[in-house]
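Summary of the model geometry
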Amino acid sequence: MDFEPMSAEQYRALTTDELINRRDLIANLLEGDAEVDMEQLRSEIGIIEAEYERRNAAIQLRNANIAAVAGGAGNVFARSADSRENIENVDALDTPEYRNAFMEYVCRGAQMPEQFRTVGTNAITINGEYTQTTDVPPQVPTTMAREIISKMETYGQIWSKVRKLSVKGGLWFRVVDLTAEATWIDETKTSGYQKVTNNDKVSFSFFMLECRISQSLLAGAVTFDDFQAMFTPTIAKAMVKALEQAIMRGDGTSQPLGILNDTRVTTKGTVIEVTEAQFKDWRKWHSDIWAKVPTAYRDGEWTMAQSTWDTYIATMADNNNAPVSVGYNPVTGDEIKRIIGRGVSCVESDILPDFDAASAGDVVAIFGNWNDYAVNVQPGMPLTTKRWIDDDNNLEKTKCLVALDGKVLDPYGFVLLKKKASA
């Protein structure tokens, strides 16, 4: 029998099935009566064993890397220098094979291939408790995750402006170490310009933000580009909405602690009650509102419901009936929102209530620098997915999960405008 020997380099070029077939061929030749060079066969057995070890090591390294990414440790590995592809810094979560496997998992419920299924330890603090998870769910491919994060920055009015941190959960940090504006004085003395001291501390845990999406919405995706075009904006918009609601009014128990529920803001910040007459009068904005804002904290912006802006602020006029709060971009024609020389961001009424619909004591507008609120995420903001069955509606759905927390860093700079009942 003619037997063509193969080198180690040729073995590396074989697919998994080809390698198995070659191994079986060698085994059959060793057990048969064919006239072959037995020393050559034994030599190739050593090459096959070495190739299996090399491939298993590569799989273990890739799986370890995926688990590390889910735990926030990183997402890059380098192949050995003698690899036939000679590729450095290959991202295991961004290969075409992984992206396509992820698409099939989300869109059609296919099982992730064995090499992409990982079991590791991901230790984080969730909902205030230290938690270890051993089942690492499939992670969103790197390019898609970056696209989701990028789109999140363009949606909404708050998320893109708050400060993003990546610090360990469960540890206490001095606020002055997290805010560049603070001035070093001593361990107890307050800065002459800001009221945060070196004794003010903040700690972050991790809460799971869950975004659910129906499989039927994505079932029509054929290519990864089609899938990404549908999956990315849907997840990004839903997450931004939930995040902005939490940043404003989160309870701090099952979600980040929001500004309106942070007692440090209500006790150390500035709370002003305004009647309807004060709120619609530009003079009262100067004398009754702006005059009470601390000078050191006047570099922020106002935030209120869109309907509040349209009804009260956009229609505000001076003695000559000229608008005092609205301007227009001479190039684009877009409306420029400002009041008391500061920008205004408009949000939905489920984040801040409309002035007319609000009850006495409700916060209808806030002022502050969004850099004084920090959202803490794991490095790279890793997003994982998990399939589940909605038995109430008989639907298969996919959950996209991300662990994060949020806290006010400097409570002194926020101003809360509360509706006051008219006399």
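Residues numbered from 1 in each chain as written. Predicted model: local features only at pLDDT ≥ 70, side-chain atom pairs only at ≥ 80, totals over all residues. Heavy atoms only, no water.

Of the regular secondary structure elements, the protein holds 12 helices and 16 strands. Relative to its 423 residues, the protein shows a buried fraction of 46%. Of all intrachain contacts in the protein linking residues separated by at least 6 positions in sequence, the fraction that spans at least 24 positions is 71%. (Helix = DSSP H or I, 4+ residues; strand = E, 2+ residues; numbered from the N terminus. Buried < 20%, exposed > 50% of the residue type's maximum accessible area, 1.4 Å probe, protein only. Contact = heavy atoms within 4.5 Å.)

Let's shift gears to helix α5 (residues 142-154). With 13 residues, α5 should cover 18 Å at 1.5 Å per step; its first-to-last C-alpha distance of 19 Å lies within 8% of that length. Within α5 the residues assigned to the buried category are T142, M144, A145, I148 and M152. Projected down its long axis, α5 shows its buried positions confined to an angular sector of 170°, all on one face. Seen from the open side of α5, the exposed residues pointing more than 90 degrees away from its buried face are R146 and T154. Where α5 terminates, the next one or two residues include G156, which has phi positive at roughly 75°. (Expected span 1.5 Å × (residues − 1). Arc of directions from axis to C-beta.)

Before going further, it helps to spend a moment on the packing of helix α4 (residues 96-108) against helix α8 (residues 224-249). Taken N-terminus to C-terminus, the directions of α4 and α8 make an angle of 55°; their axes are 10 Å apart at the nearest point. In this view, α4 runs oblique relative to α8, as classed from their interaxial angle. Considering how the two elements wind past one another, α4 and α8 form a crossing that is left-handed. Counting all contacts with α4, which are made through R99, N100, F102, M103, V106 and C107, the residues of α8 involved are F224, F227 and F231. Across the contact of α4 with α8, the residue classes break down as seven nonpolar, one polar and one charged. (Axes fitted to C-alpha atoms, helices over the stretch in contact; angles between N-to-C directions. Parallel < 35°, antiparallel > 145°, perpendicular 65-115°, else oblique. Left-handed = near helix turned anticlockwise from the far one by under 90°. Nonpolar A, V, L, I, M, F, W, Y, C, P; charged D, E, K, R; others polar.)

In this section: the pattern of salt bridges. Scanning the entire structure with this criterion turns up nine salt bridges. E153 is the partner of K164 in a salt bridge, and the nearest nitrogen-oxygen pair spans 3.5 Å. Taken together, the residues span a long stretch of sequence, with K164 in strand β3 (residues 163-165) and E153 in helix α5 at a distance of 11 residues. Overall, the relative accessible area of 31% leaves E153 in the partly exposed class. Linking K161 and E301 is a salt bridge whose minimum nitrogen-to-oxygen distance equals 2.9 Å. Of this pair, K161 sits in the loop between α5 and β3 while E301 sits in strand β8 (residues 301-305), placing them 140 residues apart in sequence. You can call K161 partly exposed: its relative accessible area is 29%. Exposure remark for E301: the relative accessible area of 16% places this residue in the buried category. (Salt bridge = Lys/Arg side-chain N within 4 Å of Asp/Glu carboxyl O.)

In this section: the nonpolar core. With 53 residues, the main nonpolar core has F227 and F231 as its most contacted residues. No other element matches α8, which puts 10 residues into this core. Among residues more than four places away in sequence, those in contact with F231 are V106, V140, M144, I148, I213, L218 and T385. Formed by 25 residues, the second largest nonpolar core is a distinct cluster that contains F279, I289, V293 and M316. (Core = buried A, V, L, I, M, F, W, Y, C linked by side-chain atoms within 4.5 Å.)

A few words on the packing of aromatic side chains. Scanning the model with the defined rule gives 13 aromatic pairs in all. Ring geometry for F102 and F227: centres 6.0 Å apart, planes at 55°, overall tilted. Of the two residues, F102 is situated in helix α4 and F227 in helix α8; the sequence distance between them amounts to 125 residues. Each member of the pair, F102 as well as F227, is classed as buried. With a centroid separation of 5.7 Å and an interplanar angle of 75°, the aromatic rings of F279 and Y312 are classed as edge-to-face. Placement of F279 in helix α10 (residues 276-279) and of Y312 in helix α12 (residues 306-313) is noted, with a sequence separation of 33 residues between them. For F279, a relative accessible area of 0% gives the class buried. (Phe/Tyr/Trp six-rings, centres within 6.5 Å; stacked < 30°, edge-to-face > 60°.)

Okay, the confidence of the model for the protein next. Do not read the fine detail of predicted coordinates wherever pLDDT is low. The predicted model of the protein has a mean per-residue pLDDT of 77, with 74% of residues at 70 or higher. Segment residues 119-134: pLDDT under 50, and 38 contacts once partners within four positions in sequence are set aside and those in other chains are kept. This model gives residues 181-193 a pLDDT under 50, and the stretch forms 22 contacts once residues within four places in sequence are excluded. (pLDDT = per-residue confidence, 0-100.)

Tallying each qualifying case throughout the model produces one cavity of 30 Å³ or more. Taken as a whole, the largest cavity spans an internal volume of roughly 30 Å³. Lining the largest cavity we find L243, A246, I247, P256, Y373, V375, L404 and G406. Secondary structure elements with two or more residues in the lining of the largest cavity: α8, β13 (373-377) and β15 (395-408). (1 Å grid on protein atoms, 1.4 Å probe; cavity = no way out; pocket = protein on both sides within 12 Å on 5 of 7 lines; lining within 4 Å. Points joined across faces, edges and corners; volume = space filled by probe spheres on them.)

A word on the packing of α5 against α8. Relative to each other, α5 and α8 sit at 45°, their axes nearing to 8 Å. Relative to α8, α5 is oriented oblique. In this structure, α5 meets α8 at a crossing whose hand is right-handed. Residue-level inspection shows T143, M144, E147, I148, K151 and M152 of α5 in contact with α8, the latter providing F224, F227, Q228, F231, T232, P233, I235, A236, M239, V240 and L243. Across the contact of α5 with α8, the residue classes break down as 12 nonpolar, three polar and two charged.

Once that is clear, we can look at the state of the cysteines. What the rule picks out here adds up to zero disulfides. In this structure C400 is a free cysteine whose sulfur lies 6.3 Å from that of C211, the closest cysteine sulfur available. (Disulfide = S-S within 2.5 Å.)

Our focus in this paragraph is the sheet that holds strand β11 (residues 342-347). Spatially, the seven strands line up as an open sheet ordered β7-β16-β12-β8-β11-β10-β9, and their pairing is mixed. If you trace the sheet from one side to the other, it starts and ends with β7 (270-274) and β9 (326-328), each paired once. The sheet shows a mean angle of 30° between the axes of neighbouring strands, direction not considered. Of the strand pairs in this sheet, β7 and strand β16 (residues 415-419) are connected by five bridges, and their pairing is parallel. Directly across from V274, in β16, lies its bridge partner K419. (Pairing = 2+ DSSP bridges.)

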